[in-house]
There are 2 protein chains.
Amino acid sequence: MRDKKDLKVVGTSLPRVDGVQKVRGRAVYAPDFELPRMLFAKVLWSDRAHAKIVRLDASKALKAPGVAAVVSAVDAPQNRYGVYLKDQLIFASGKVRHIGEPVAAVAAESEQAAEEALKLIEVEYDDLPTVFDPFEAQNDSAPIIHPDLETYEATYSKVAYDNVALYTHLSVGDTEKGFTEADHIFEDEYKTQAMYQGYVEPRACVVGFDQRDKLTVWTSNQQIAECHAEMAAALDIPMTEVRVVGTALGGGFGGKLKTHVEPIAALLAKKSGRPVKIVLTREEDMIASRARPPYTIRLKTGVTKDGRITARETELVADCGGYSDHVIGTMGLAVTFAQGAYKIPNCDVKGYVIYTNNPNYSCMRGYGAHQIDFANESQMDMIASRMGWDPVEFRRKNLIEDGDVLVSTQPITEVTISQTMDEALRRSEWNKKGKRKKERKENVYYGIGIGNTIINMGLLSSSAMIKFNGDGTASILTSVMDLGTGNHTALIQIAAEELGMLAEQINIAEIDSDTSPYDLGQIASRTIFDAGNAVRLAAKNAREKLYESAAELLQVPEDDLDSEGGIIFSRSDRSKEIPIAGVNGYRLWVKGGPVVGSAGWLGKPGFAEIPGEGYPQPPSKTFIFGTHIAEVEVDIETGRVTVLKVTAVHDVGQAVNPLGVQGQIEGGVVQGVGYALMEELQVKDGVIQNPDFLNYRMPTTLDIPEIDPVILEIPSEYGPFGAKGLGEPVMMGVVPAIANAIENATGVRVTEVPITAERYLQAMKKKE
Amino acid sequence: MRDKKDLKVVGTSLPRVDGVQKVRGRAVYAPDFELPRMLFAKVLWSDRAHAKIVRLDASKALKAPGVAAVVSAVDAPQNRYGVYLKDQLIFASGKVRHIGEPVAAVAAESEQAAEEALKLIEVEYDDLPTVFDPFEAQNDSAPIIHPDLETYEATYSKVAYDNVALYTHLSVGDTEKGFTEADHIFEDEYKTQAMYQGYVEPRACVVGFDQRDKLTVWTSNQQIAECHAEMAAALDIPMTEVRVVGTALGGGFGGKLKTHVEPIAALLAKKSGRPVKIVLTREEDMIASRARPPYTIRLKTGVTKDGRITARETELVADCGGYSDHVIGTMGLAVTFAQGAYKIPNCDVKGYVIYTNNPNYSCMRGYGAHQIDFANESQMDMIASRMGWDPVEFRRKNLIEDGDVLVSTQPITEVTISQTMDEALRRSEWNKKGKRKKERKENVYYGIGIGNTIINMGLLSSSAMIKFNGDGTASILTSVMDLGTGNHTALIQIAAEELGMLAEQINIAEIDSDTSPYDLGQIASRTIFDAGNAVRLAAKNAREKLYESAAELLQVPEDDLDSEGGIIFSRSDRSKEIPIAGVNGYRLWVKGGPVVGSAGWLGKPGFAEIPGEGYPQPPSKTFIFGTHIAEVEVDIETGRVTVLKVTAVHDVGQAVNPLGVQGQIEGGVVQGVGYALMEELQVKDGVIQNPDFLNYRMPTTLDIPEIDPVILEIPSEYGPFGAKGLGEPVMMGVVPAIANAIENATGVRVTEVPITAERYLQAMKKKE
């Protein structure tokens, strides 16, 4: 690894490569994408939570003006697919399991014509008993949502009985013994809400045919390679028969994974022979969306009188709604981090994912780590408070360290939680502020709270290719989209650093499943680390070829070569130099052949060896740590909480583009404030009550606190140029920090997010 | 290399991968390509052969209805570019040098509006003295077409003075000595015509902006990577700022190289901010085309009385018209093959490419090898006839052999000319037919003639990448288009063979300069050999990764593994097997990382070391050989020549897709018949007299002889699975074979193609 002081491009704040076209309004997002002769489609969503489809008659719709095609279950393959469990179909077949499930769709010459035709589709339902509570759903009397589930081909075994989509059980140490050693045992329950990802660009896609008549999907999706795989699975065709191309992506936050309406548009395109566009309205996007699943988390923690945690039992129950989707995976992550950022030698965790007739949940930024972090970090403060310990001191006594093992038995490495915590305390002037007078004015109290975060870094596979142009510029091929986080700029910086080029000499090719090599996608905070490593390795592969020829041309040994700004030079004799364009020309026309590089990357093997039942998180190469400190004012009369300031410290190993990291932290903190205080999909009897941005309240500029984004750089051995990455933790620690600050301010503990004024006042009343 | 008997996919006749969409009419050729909000453009072509542009006023055109943009030289960068010499600009600047040179262009809402607006562009010319004959153009009194040429930056030095765009001189042995050793010296002159490539799809492109607002060209072009480079050069931007995507390609035959109207469309797109389409009419395509240049070839050959050629002097003069374009390269190839397929120890060749005010010529299938082959093979028969030798015996006495050197001093290898000649003689029943009675009926005479061909195989660079999908299918990335020859199918077969997969498990990604690694293009008969080698090496690179993991999973050594039909198995224990999809899944999720492969290929180094002046052909890895035997009937009253049968024997090393090879041979022979007898761009005072398919006569079904396409397979050490390839020779040997058959039939020798009835009758008259 290069020394930090030697880095030329990595570590420099560069403007985003996609900045100009986005500012000029020339970037084409999926809803803007157009093709000639394109049809517009509308989807008929189930308005029943659980019902048999007795009759579906689209004959009138088909005759409506401008209608080109109507599709429903009869037009769709009946092979089930899904992210973890194969429980999904393109259209509800036989019965619907939640409101917002696709039942049929129409493609017509205009959106209006499609909408009118939709009304002419006759669906006769026969309602079935419903269940909306994940605990009730486990009762013997509950209706079974997927009675035929055992016959579905499950990707992961040992799951899926009755309404239990997943049962996961992991254990380290001996909890019984651990609790015996404890002087105090604390049991608490926490609840987190269903949260909508709130991206600006609604789900949209165009499915048509490329110049070779190949079925092609243009979509804004966080996982082009996985969307490609799922398109093939849903349509029951080989992956070579469908192509997925990424458009500009207007935010996702875990909401645009795999496929959503893409297979529906594909069925309509195949039936009509024409391109078909679907753009969801905001209401549709919220109703038919796959939001962050609500979790109920019970913690039982044993502590010695000198503040050492000896044991923990954790039980997590997540509601996945009608289909399991990513909720399975969120549980895998949640159980894996049952200990949080703390050393807990005896730990036992059980996770349940339960089918109900609620909307189909999936996942959001933080996956399941966010939910468990809220519970863990809240309980740390609650225990400290009950035992009269300082919350920081109690944490410090139990901080996880290198060599400790997770409940998945994976050893943990590169732990920097004490550094992020120390820096957060210093930057926020915790000691001084903690001594402030709580009451600021009548009924308004000041509080300060802390939240630590731990999450895995490095998740599964990535690969990249790089090819050089004749003028010495280069193209990177990767499947990684740019959600809006600036990671394309950062990947270019990584390649430029490895090759000794300028960032402006490198571009990233359009993301296209026919050409972009596999990458799991822009999820799990993994892009800089995993795709960054793959891009770096591919660049290294290409660089070796360039150096081989440069050594020959300059008559120096290869190991004497270095490069910078697109010039390869001899370190021992700086007068010997040649531009990369020259080396490339030599290889193209004289010797060696064109420069191409490629590399695959899979950080950490050993997934299959994890003991326990169900689906834990795969092993990760390293871990990332952060600490948030929130300062709040609580109006105890109205229950209104105002976040004054958030100090957010993250160890990113190495900031590839510091400006981008800072932007990530700031955006994440804002989203965390929404999670902590405001945002909630209110679901009653399976119906989302607030499917619009007026009633689903997200933070606006008026709600944004002062943010102090602090970047720590403790280089990772495993990341590209020491980088670890970031993405999810930036919105995590802030949530328990706010809850802890509220208790610090007023002594009132709220264990359910969002901490609305109503919940605060109820908790205050309960305490009194 | 695998034994021929072990080949599973290579060597099998498969239907074309692009067959279905082409038959169904769903393939999108460039003229069919559409984008929303697309403008249509028309180009104003110079109607003067040589003139100063005194005034160009587009103000009225700009105000015409529906006009969005007008561009001319003032809108274009003034940096000259070009294939070999940098003598071109997007638009004529200051003066025009030939009829059909672009002067201005209009983009409008419709083609009609653009055409109307074109008439409103006012151009005032001041005519300059003209020269149309390449010999006159070398006189001191001739007007200089490019007076400022020495100040242009030439890619190749030692060229370009006065009207001489290129002077090349190569020599082996000692010709003076060689002629002294000869008993007879023969001097003859040959002329070949300007020939239009006659593809069905006219030149067309759309230039717009992709979803990232990147300038993107959709074009049907034989050289996507070179088109990319030239777009950047013409527009004076880095290659990362422009993208070139290939549409379906409706024939090219050397007529769709680098750029043509693409930079014009780009200027209009940039100016209007909208996509712009240009589709040439057939007349425009012919007038503004870049046809095969006319050559005059003088041969002086010394022969001993026992039939041994001792020396040859060759002088070639090619007319390139107003700009040098590919004519430089055709001369490089022509001089390199001055000896033809014969052993000539003392050989001296001079080649001149001359600027005139004729239309801008370029190149066509066969490049310059075709012209020299016609001269060489005609003279072989003429010498034999004059000396009373049998033409076959005379050839056999002088056939080139392994280890002989070309006039470029390159040693020649893998010579199979005696095998193709023997097979052609056998298949055509030469001996029996040669003894036939000549006079078939009154005035109609039968004749049989032979033509050998030699051409280099393997030209410069190629590279390829391959990536695997989760289901075990794979995508090949290459810059090589499919002209319609079926080479995409063949490249898939090569990859499938190397990987042990089925052809249907592999596809080729859309050709796109952002993602497709460099390849010189579908020219020079090189696709199977060069791109085939690159694809094979990239597949090998991927296969090694698959085998590494398969060895681990099957617990056998890697060198015990083989694969077939997508299954990897142990050769020693056939019960141990695993599908590639399984290995791929293991690498994706458990260990190793995604499978990607890449490779660069440059067959033969040493370009820089070729002695001599000018621009000879780069060294080639191997050579290809073929023999054509033509049988004709000549009506000596009308001069009409009817080709009865052509026996065409080609050694292709290994036929990758025999059906495709057969199709290539048949198509080539037909085009050769056109070359020999019918096709000619008639240019008078710089004006093409027959710019349409009625007056430019190409063979129709009525003109097609019986064809016996014979595939010889003598494996090459250097080609993929022994394949050498094919493409140009299939239309070469047939031309002199027809000329030789005519003399054989009637004793009349015509030394200028096409051998029209008029030329035949003139020659007959001259002889009498």
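For the structure itself, look to the data block above.
Residues numbered from 1 in each chain as written. Chains lettered and ligands numbered in written order. Predicted model: local features only at pLDDT ≥ 70, side-chain atom pairs only at ≥ 80, totals over all residues. Heavy atoms only, no water.

A.B. asks: Tell me about a positive patch on the surface, residues and numbers included.
C.D. replies: Taken together, the side chains of Arg436, Lys437, Arg440 and Lys441 of chain A present a region of like positive charge at the surface. For Lys437 of chain A, the position within the fold is in the loop between α12 (430–434) and β16 (439–441). (Patch = residues over 30% accessible without salt bridge, like charges linked within 9 Å, V, L, I, M, F, W, Y side chains within 5 Å. Areas by Shrake-Rupley, 256 points an atom, 1.4 Å probe, with all protein chains shown as cover. Salt bridge = Lys/Arg side-chain N within 4 Å of Asp/Glu carboxyl O. Lys, Arg positive; Asp, Glu negative; His and termini not counted. Charge placed at Lys NZ, Arg CZ, Asp CG, Glu CD. Helix = DSSP H or I, 4+ residues; strand = E, 2+ residues; numbered from the N terminus.)

A.B. asks: Describe in detail the interface of chain B and chain A, supporting the description with residues and values.
C.D. replies: Accessible area lost upon the coming together of the parts is a frequently used measure of interface size. Taken together, the contact between chain B and chain A spans 72 residues of the former and 72 residues of the latter. In total, chain B and chain A occlude about 5,200 Å² of area from one another, counting both sides; carbon and sulfur atoms represent 56% of this. Seen at the junction of chain B and chain A, the total is six salt bridges. Here chain B and chain A share 28 residue pairs in polar contact (both at pLDDT 80 or more) between them. Breaking the side of chain B that touches chain A down by element, the ones donating at least two residues are α5 (224–235), β11 (242–246), β18 (461–468), β19 (474–477), β20 (506–508), α14 (527–554), α15 (580–589) and β24 (596–602) of chain B. (Contact = heavy atoms within 4.5 Å. Buried area = accessible area lost by both parts, 1.4 Å probe. Polar contact = N/O pair within 3.5 Å; in protein donor to acceptor, adjacent residues only side chain to side chain.)

A.B. asks: How would you sum up the packing of helix α16 (residues 658–677) of chain A against helix α17 (residues 734–746) of chain A? Please name residues and give values.
C.D. replies: Residues and elements named next belong to chain A. One can describe the packing of α16 onto α17 by two numbers: an axis separation of 8 Å at closest approach and a directional angle of 55°. In this view, α16 runs oblique relative to α17, as classed from their interaxial angle. The two elements α16 and α17 cross, and the hand of that crossing is right-handed. Within the contact between the two elements, α16 uses Val669, Gly672, Val673, Tyr675, Ala676 and Leu677 and α17 uses Val734, Val735, Ile738 and Ile742. The class makeup of the residues in the contact of α16 with α17 is nine nonpolar, one polar and no charged. (Axes fitted to C-alpha atoms, helices over the stretch in contact; angles between N-to-C directions. Parallel < 35°, antiparallel > 145°, perpendicular 65-115°, else oblique. Left-handed = near helix turned anticlockwise from the far one by under 90°. Nonpolar A, V, L, I, M, F, W, Y, C, P; charged D, E, K, R; others polar.)

A.B. asks: Which residues make up the sheet that holds strand β4 (residues 95–96) of chain A, and what values go with them?
C.D. replies: Sheets are built from strands that pair by backbone hydrogen bonding, the pairs being arranged parallel or antiparallel. All names here are of chain A. In spatial order, the strands read β4-β2-β6; together these three strands make up an open sheet with antiparallel pairing. One side of each edge strand has no neighbouring strand; the edge strands of this open sheet are β4 and β6 (122–127). Sheet topology note: the strand β2 (residues 51–57)/β4 ladder contains two bridges and is antiparallel. Along β4, the bridge assignment pairs Ala51 with Val96. (Pairing = 2+ DSSP bridges.)

A.B. asks: How would you sum up the pattern of salt bridges? Please name residues and give values.
C.D. replies: Taken as a whole, this structure holds 107 salt bridges over all chains when the rule is applied. Note that Lys42 of chain A is salt-bridged to Glu111 of chain A, the shortest N-O span being 3.8 Å. Of the two residues, Lys42 of chain A is situated in strand β1 (residues 39–45) and Glu111 of chain A in helix α3 (residues 111–118); the sequence distance between them amounts to 69 residues. Taking relative accessible area as the criterion, Glu111 of chain A reaches 32% and is therefore assigned partly exposed. A salt bridge links Arg395 of chain A to Glu377 of chain A, with the nearest nitrogen and oxygen atoms 2.9 Å apart. Taken together, the residues Arg395 of chain A in helix α10 (residues 391–398) and Glu377 of chain A in helix α9 (residues 369–387) connect sequence positions 18 residues apart. Judged by relative accessible area, which is 1%, Glu377 of chain A ranks as buried. Look at the salt bridges and you will find they share partners, linking Asp210, Arg212, Lys214, Arg243, Asp512 and Asp514 of chain A together with Glu510 of chain B into a network. (Buried < 20%, exposed > 50% of the residue type's maximum accessible area, 1.4 Å probe, protein only.)

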